[in-house]
Amino acid sequence: MTAYLAGAAVTAYGKHHGLGQVDMMERAALAAIADAGLPREAIDGVIAGYATTMPHYMLGTVVCERLAIRPRHAHEARCGGATGAMQVVLARHLIAAGACRHVLVVGGENRLTGQSRDDAVKTLATIGHPEFEVPLGASIPAYYALLAARYLHETGAREEDLAELAVLMRTHAARHTEAQLRTPLAV
């Protein structure tokens, strides 16, 4: 069975006072369902991404309740930065297995208004292997720094090459009307 993307939607980035992560997921889900031209009742699978501002282990069920749908399958996916990609892979597997026909993949996070800076740092500090990484205090930027260092070593690329890529990505992002400009904090 072939799987394809039938509809897509995003919510705006930034601060959303009064909105929680499930509110954001609901907005994106309803817009994606409308974009696909489907009635809500056609959704027979839901895979919700995790939200650090609402660490609930059955977020897929919460999303289904909010949307007033009763799919055959409702799950939550937690794979760090790969969660979105993994959700799509899981949706494809459900469709290929014939278990579902229309799988809603949804994520939502409201860190700018739903979580303090200190809480966000604490949450992100728990990502990693619980025995070999977390106790040593590595952070997400540290993990990416290790990957970058390995890439530079293996390819012979220079730090300037990575800086050029960062500038290029920001240039392209600035062309998007809903891009969020992030500036470094003064130290």
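Here the structure is shown first, and the text comes after it.
Not measured: the values here are computed from a predicted model. (Residues numbered from 1 in each chain as written. Predicted model: local features only at pLDDT ≥ 70, side-chain atom pairs only at ≥ 80, totals over all residues. Heavy atoms only, no water.)

A.B. asks: In this structure, what is going on with the overall build of the protein chain? I would like to understand it.
C.D. replies: Helices and strands together make up the secondary structure of the protein chain, namely seven helices and three strands. Helices and strands appear in the protein chain in the N-to-C order α-β-α-β-α-β-α-α-α-α. Taken across its 187 residues, the protein chain has 25% of its residues classed as buried. Sequence-distant contacts in the protein chain: of pairs separated by 6 or more residues, those separated by 24 or more amount to 64%. Each charge sign in the protein chain was given a centre, from 17 positive and 18 negative side chains, and these centres are 4 Å apart. (Helix = DSSP H or I, 4+ residues; strand = E, 2+ residues; numbered from the N terminus. Buried < 20%, exposed > 50% of the residue type's maximum accessible area, 1.4 Å probe, protein only. Contact = heavy atoms within 4.5 Å. Lys, Arg positive; Asp, Glu negative; His and termini not counted. Charge placed at Lys NZ, Arg CZ, Asp CG, Glu CD.)

A.B. asks: Can you help me understand the nonpolar core in this one?
C.D. replies: For soluble globular proteins, the rule of thumb is that nonpolar side chains tend to be buried together. Counting 16 residues, the largest nonpolar core has V46, V63, L104 and V106 as the members making the most contacts within it. Broken down by secondary-structure element, the contributors of at least two residues to this core are α1 (21-36), β1 (45-49), α2 (59-67) and β3 (103-106). For this core, the element with the most residues is α2, which contributes five residues. Apart from residues no more than four positions distant in its own chain, V46 is found in contact with G60, V63, C64, I69, P71, H73, A74, H75, V103 and L104. Counting seven residues, the second largest nonpolar core, distinct from the first, contains A77, A91, I95 and C100. (Core = buried A, V, L, I, M, F, W, Y, C linked by side-chain atoms within 4.5 Å.)

A.B. asks: Would you mind going over the sheet that holds strand β2 (residues 73-77) with me for this structure?
C.D. replies: On the basis of which strands lie adjacent, the open sheet formed by three strands has the order β2-β1-β3 and parallel pairing. Strands with a single pairing partner mark the edges of an open sheet, and in this sheet they are β2 and β3. Taking the axes of each pair of neighbouring strands and ignoring which way they run, one obtains an average angle of 15 degrees across the sheet. Two elements, β1 and β2, share five bridges in a ladder whose sense is parallel. Within the sheet, the bridge partner assigned to V46 lies in β2 and is A74. Strands in contact with helix α3 (residues 83-96) are β1, β2 and β3; relative to β1, the strand with the most contacts, it is inclined by about 165 degrees. (Pairing = 2+ DSSP bridges. Axes fitted to C-alpha atoms, helices over the stretch in contact; angles between N-to-C directions.)

A.B. asks: Would you explain α3 in this entry?
C.D. replies: Note: α-helices contain 3.6 residues per turn, so residues at a spacing of three or four share the same orientation. Helix length check: α3 (14 residues) gives 20 Å between terminal C-alpha atoms against 20 Å at 1.5 Å per residue, within 8%. Residues T83, Q87, A91, L94 and I95 constitute the buried set of α3. The arc that holds every buried residue of α3, seen down its axis, measures 115 degrees, which confines them to one face. For α3, exposure combined with an orientation more than 90 degrees from the buried face picks out A85 and V88. On the buried face of α3, the contacting elements are β1, β2 and β3. Immediately downstream of α3, the backbone of G98 shows phi near 80 degrees, a positive value. (Expected span 1.5 Å × (residues − 1). Arc of directions from axis to C-beta.)

A.B. asks: Sorry if this is basic, but what is going on with α2 here?
C.D. replies: Every buried residue belonging to α2 is among L59, G60, V62, V63, C64 and L67, and all of these are buried. Elements in contact with the buried residues of α2: α1, β1, β2 and β3. Backbone geometry just downstream of α2 places A68 in the positive-phi region, at approximately 55 degrees.

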